[in-house]
Amino acid sequence: MSMMTGKDYIESLRALTPEVYFLGKRIKSVVDEPMFQPHIHAAAMTYELAHDPEHEEIMAATSHLTGEKINRFTHVHQGIDDLVKKVRMMRLMGQKTATCFQRCVGLDGLCAVYATTYDIDQKYGTKYHERFKNYLREVQKHDWMPSGAMTDSRGDRSLRPSKQVHPDVYLHIKERLEDGIIVTGAKTHITGAINSHEIITMPTRTMAEEDKDYALSFAIPADTKGVTYVFSRQTNDTRRLDGTLDAGNPKYGIVGGEAMIIFNDVFVPWERVFMAGEYDFTTELVETFAGYHRSNYGGCKVGLADVVIGGSAWIAETHGIGRVSHIVDKLTEMIAMAETCWSCTLACSYEGYKTPSGAYHINPLLANVVKLNITRMVYEWMRIAQDIAGGKIITLPSEKDLAHPEVGKMVEECFYGKDGIAPMDIIRMLRLIENMSVGAGLPEAMHGAGSPAAQKIMISRRSGIDKKMELAKRIAGLSPDKDFERIIGKGEKAHWDQVRRNMQEKKVQIY
Amino acid sequence: MLLVGIRYCGGCNPQIDRSGVITKLKDAIEKRGMAVDFTAERERSVNIVLLVNGCIHACLEEAYLKEGGSTRFISIKGEMVDSDYVREDCIPEIVIKKITETMDSPSH
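### Quick notes on the overall build of chain A
Consideration 1: Scanning chain A from terminus to terminus reveals 17 helices and 14 strands.
Consideration 2: Counting every position in chain A, which comprises 511 residues, the buried fraction comes to 49%.

This is the structure:
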């Protein structure tokens, strides 16, 4: 099969029978469940745009394994150009859906496991990388969307995984068999999990020798026996059952649609296992994945910012205040913040590098700066969106009241803005701004791809503070400045002695 | 005598002390009495080009490949040498190993 369209993707999910629970009931068909449809539509966009001549340049790629044209969401980056196109794709997708389109997590999982398995094999002579390449060929051939399952529920954070009272708070190997492994445990808030074809698991943290059984990475079909999903609630989620207006973004939803995944004695054949005990590579896998994933946020969230900035400007225009100076100033502030994040993510892509595996990785320091900025700036530009949109975004009447035969017309007339603008259009735009700025999208920007503390640890670790101290010491005159000495043509001490003498003799000429 | 041509990247934000690494490399080669000389003159014909990039992005390697340089090269790029991760203090040893391999190769 070649690249799927959006429709193909939705239909392909029908072939899977994952065990999914939501609001206390077992969901028989993921595709037909109204609560899930916006998330599915957002993911479908990743498929659809790869066929669009207007977007295929960034949405499609050429497989380095087969030479075939593939969806970029299944492509392992082979150069700086790929890294840059990836974040361009993220911004485009954010603009097209105004929400999380979910598929980047699996993409980053593919790229991180690709690079790490190569390094494991170099050290231990294992065959993980070849196995993984075989798996990647299948992903590309079928155009699968794998979910990337990293975060464990983690229990008592002061204890190592192997010391937990409840061992299943971390996914781990329960048994090693001749033909595979039995795993048990849970992964939490996994984006796009219920509408993915596959699950790729990765360890959530650095493991030590005693945590060997937790140093684990594998891929399985989403409906593997023993895998259970419990879909998470989001702010105002059931509004999507009330009609087409109140949800704000009924087509694509609000953030990605997260689920917890419970693994209950799940069998994984060896050919799908990519790490099983190599605890000394867990840091590399976690940091590689986190680096890729954190860089994305300067693309996707900026795409969302483009939409919310546009929505805010439209609301101001339709209320006759589009040219008022404080509105222009606020919109400009939003744009400057969004483009700052965009600059960061472009920089971390252009400053990427070739890993030993041949795959390219982003600049990890800059990727963490991207994400740290996002944890702050998304809140700030959404705060300004709320400011411009006004209190209406939290007091709007419901679609049902607007449709009421007795009060509906009167209610609608209260929302007139500039002449010629339909009040229902104004209400619809306000609902979109409410959806984007009030709901679950904000904490997602905070914690998705890791919380701010995690980014600060990485930034601190990679900042090269010792070298910065050396720079300061050289300028302050605490250590030799050879460049300065070449400029003045003598040693620094001799130069300053001369300067002092000249000052005493009131001479200006130094050289 | 094997001649190594040294080229430095621009050094905008190096993760390693580039000239410090090269000084240690030259000292170590001298101590071992290896028949290796160094030059920074780009026009001279050399046996190996040593690309000294301050970080893993490796601008210089990119430029060298783009200009179609045909001389065998060793690329220091931050804490990597060619495709291996290497701590800064171990870089001279790894480069010496690679130079030795070149000296021992039949084509040299």
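### Digging into the overall build of chain B
Consideration 1: Helix and strand counts for chain B come out as 3 helices and 6 strands.
Consideration 2: Helices and strands in chain B line up, N terminus first, as β-α-β-β-α-β-β-β-α.
Consideration 3: Taking 2.2 N^0.38 as the reference for a compact globule, 108 residues should give roughly 13 Å; the C-alpha atoms of chain B span a radius of gyration of 13 Å, in line with that estimate.
Consideration 4: Sorting the 108 residues of chain B into buried and exposed places 29% on the buried side.
Consideration 5: Counting only contacts in chain B whose residues sit at least 6 apart along the sequence, the fraction spanning at least 24 positions is 66%.

### A closer look at the nonpolar core
Consideration 1: Ile261, Val308, Trp381 and Ile433 of chain A are the most contacted members of the largest nonpolar core, which totals 163 residues.
Consideration 2: Ignoring anything within four residues of it in the chain, the contact list for isoleucine 433 of chain A reads Val308, Gly311, Ser312, Ile315, Ala385, Ala389 and Ile393 of chain A.

### Points about the sheet that holds strand E7 (residues 180–191) of chain A
All names here are of chain A.
Consideration 1: Pairing is mixed across the open sheet formed by 6 strands, whose spatial order is E2-E1-E10-E11-E7-E6. Each edge of the sheet is formed by a strand with only one pairing partner; in this case those strands are strand E2 (25–27) and strand E6 (172–176). Strand-to-strand twist of the sheet, defined as the mean angle between neighbouring strand axes without regard to direction, takes the value 20°.
Consideration 2: Judged from the 9 bridges that link them, E7 and strand E11 (residues 258–269) form a sheet pairing that is antiparallel. From the neighbouring strand, isoleucine 181 faces E11, where its bridge partner is valine 268.

### Focus on unusual backbone geometry
Residue and element names in this part refer to chain A.
Consideration 1: With phi around 55°, alanine 98 is a residue other than glycine that occupies positive phi space.
Consideration 2: Its place among the elements puts alanine 98 in the loop between helix H4 (80–97) and helix H5 (103–124).
Consideration 3: Note on alanine 98: 27 C-beta atoms within 10 Å, which makes it buried.
Consideration 4: One non-glycine residue, aspartate 143, lies in the positive phi region at around 55°.
Consideration 5: Position of aspartate 143 among the secondary structure elements: in the loop between helix H6 (128–142) and strand E5 (146–149).
Consideration 6: In this structure aspartate 143 comes out as buried when scored by C-beta crowding, with 22 C-beta atoms within 10 Å.

### Let's talk about the interface of chain B and chain A
Consideration 1: Listed by partner, the interface residues are 6 residues for chain B and 6 residues for chain A.
Consideration 2: Broken down by class, the residue content of the side of chain B that touches chain A amounts to 2 nonpolar, 3 polar and 1 charged.

### Things to note about the pairing of E11 of chain A
Consideration 1: In this structure, strand E10 (residues 227–231) of chain A lies alongside E11 of chain A, joined through 5 bridges in antiparallel fashion. Bridging from a neighbouring strand, tyrosine 229 of chain A pairs with isoleucine 261 of chain A of E11 of chain A.

### Overview of the packing of helix H7 (residues 282–318) of chain A against helix H8 (residues 325–350) of chain A
All names here are of chain A.
Consideration 1: Running from N to C, H7 and H8 point in directions that differ by 165°, and their axes come no closer than 9 Å. For the element pair H7 / H8, the angle class is roughly antiparallel. Seen from above, H7 lies across H8 with left-handed handedness. Seen from H7, the contacting residues are Ser295, Gly298, Gly299, Lys301, Val302, Ala305, Asp306, Ile309, Ser312, Ala313 and Ala316; seen from H8, they are Ile327, Leu331, Met334, Ile335, Ala338, Cys341, Trp342, Cys344, Thr345, Cys348 and Ser349.
Consideration 2: Counted by class, the contact of H7 with H8 contains 14 nonpolar, 6 polar and 2 charged residues.

### Focus: the environment of arginine 233 of chain A
Consideration 1: Position of arginine 233 of chain A relative to the elements: it lies in the loop between E10 and E11.
Consideration 2: Once the C-alpha coordinates of arginine 233 of chain A and leucine 23 of chain A are considered, the two residues, 210 residues apart in sequence, prove to be 8.3 Å apart.

### As for the sheet that holds E5 of chain A
All names here are of chain A.
Consideration 1: What the 4 strands build is an open sheet, ordered E5-E8-E9-E12; its pairing is mixed. On the outer flanks of this sheet lie E5 and strand E12 (273–276), each paired with one strand and no other. Strand-to-strand twist across the sheet, computed as the mean angle between neighbouring axes with direction ignored, equals 20°.
Consideration 2: Packing against the sheet, H5 makes contact with E5, strand E8 (198–201), strand E9 (216–221) and E12, and its axis sits at approximately 65° to E5.

### Considering the packing of helix H9 (residues 364–389) of chain A against helix H14 (residues 452–462) of chain A
Residue and element names in this part refer to chain A.
Consideration 1: Running from N to C, H9 and H14 point in directions that differ by 150°, and their axes come no closer than 9 Å. Between H9 and H14 the crossing geometry is left-handed. Across the interface between the two elements, Pro364, Leu365, Asn368, Val369, Lys371, Leu372 and Thr375 from H9 touch Pro452, Gln455, Lys456, Met458, Ile459 and Arg462 from H14.
Consideration 2: Broken down by class, the residue content of the contact of H9 with H14 amounts to 7 nonpolar, 3 polar and 3 charged.

### A word on helix H1 (residues 18–32) of chain B
Residue and element names in this part refer to chain B.
Consideration 1: Relative to the 21 Å expected for 15 residues at 1.5 Å per residue, H1 spans 21 Å between its end C-alpha atoms, a close match to the ideal helical length.
Consideration 2: What H1 keeps buried is the set Ile22, Leu25 and Ile29. With its buried residues spanning 60° around the axis, H1 presents them on a single face. Among the exposed residues of H1, those pointing more than 90 degrees away from its buried face are Gly20, Thr23, Asp27, Glu30 and Lys31.
Consideration 3: Where H1 is buried, its residues contact strand E1 (2–8), strand E2 (36–39), strand E3 (48–53) and helix H3 (91–104).

### Quick look at the pairing of E7 of chain A
Residue and element names in this part refer to chain A.
Consideration 1: With 4 bridges connecting them, E6 and E7 associate as antiparallel partners. Across the sheet, residue arginine 176 finds its bridge partner in E7, namely isoleucine 181.
Consideration 2: Between the end of E6 and the start of E7, which pair antiparallel, lie 3 residues.

### A few points about the confidence of the model for chain B
Consideration 1: With 97% of its residues at a pLDDT of at least 70, chain B reaches an overall mean of 93.
Consideration 2: The complex model carries a pTM of 0.93, and its ipTM stands at 0.84.

### Some details on the environment of alanine 42 of chain A
All names here are of chain A.
Consideration 1: With respect to the helices, strands and loops of the structure, alanine 42 is situated in helix H2 (residues 37–48).
Consideration 2: On the neighbour-count criterion, alanine 42 (28 C-beta atoms within 10 Å) is buried.
Consideration 3: Measuring from C-alpha to C-alpha, the distance between alanine 42 and lysine 251 comes to 7.8 Å, with 209 residues separating the pair along the chain.
Consideration 4: Dropping the residues within four chain positions of it, alanine 42 is found in contact with Thr97, Thr99, Cys100, Phe101, Gln102, Tyr252 and Gly253.

Here is what the cut-offs are and how they apply
Residues numbered from 1 in each chain as written. Chains lettered and ligands numbered in written order. Predicted model: local features only at pLDDT ≥ 70, side-chain atom pairs only at ≥ 80, totals over all residues. Helix = DSSP H or I, 4+ residues; strand = E, 2+ residues; numbered from the N terminus. Buried ≥ 20, exposed ≤ 12 C-beta atoms within 10 Å, placed from the backbone. Rg over C-alpha atoms; globule rule 2.2 N^0.38 Å. Contact = placed C-beta atoms within 7 Å. Core = buried A, V, L, I, M, F, W, Y, C linked by C-beta atoms within 7 Å. Pairing = 2+ DSSP bridges. Axes fitted to C-alpha atoms, helices over the stretch in contact; angles between N-to-C directions. Nonpolar A, V, L, I, M, F, W, Y, C, P; charged D, E, K, R; others polar. Parallel < 35°, antiparallel > 145°, perpendicular 65-115°, else oblique. Left-handed = near helix turned anticlockwise from the far one by under 90°. Expected span 1.5 Å × (residues − 1). Arc of directions from axis to C-beta. pLDDT = per-residue confidence, 0-100.

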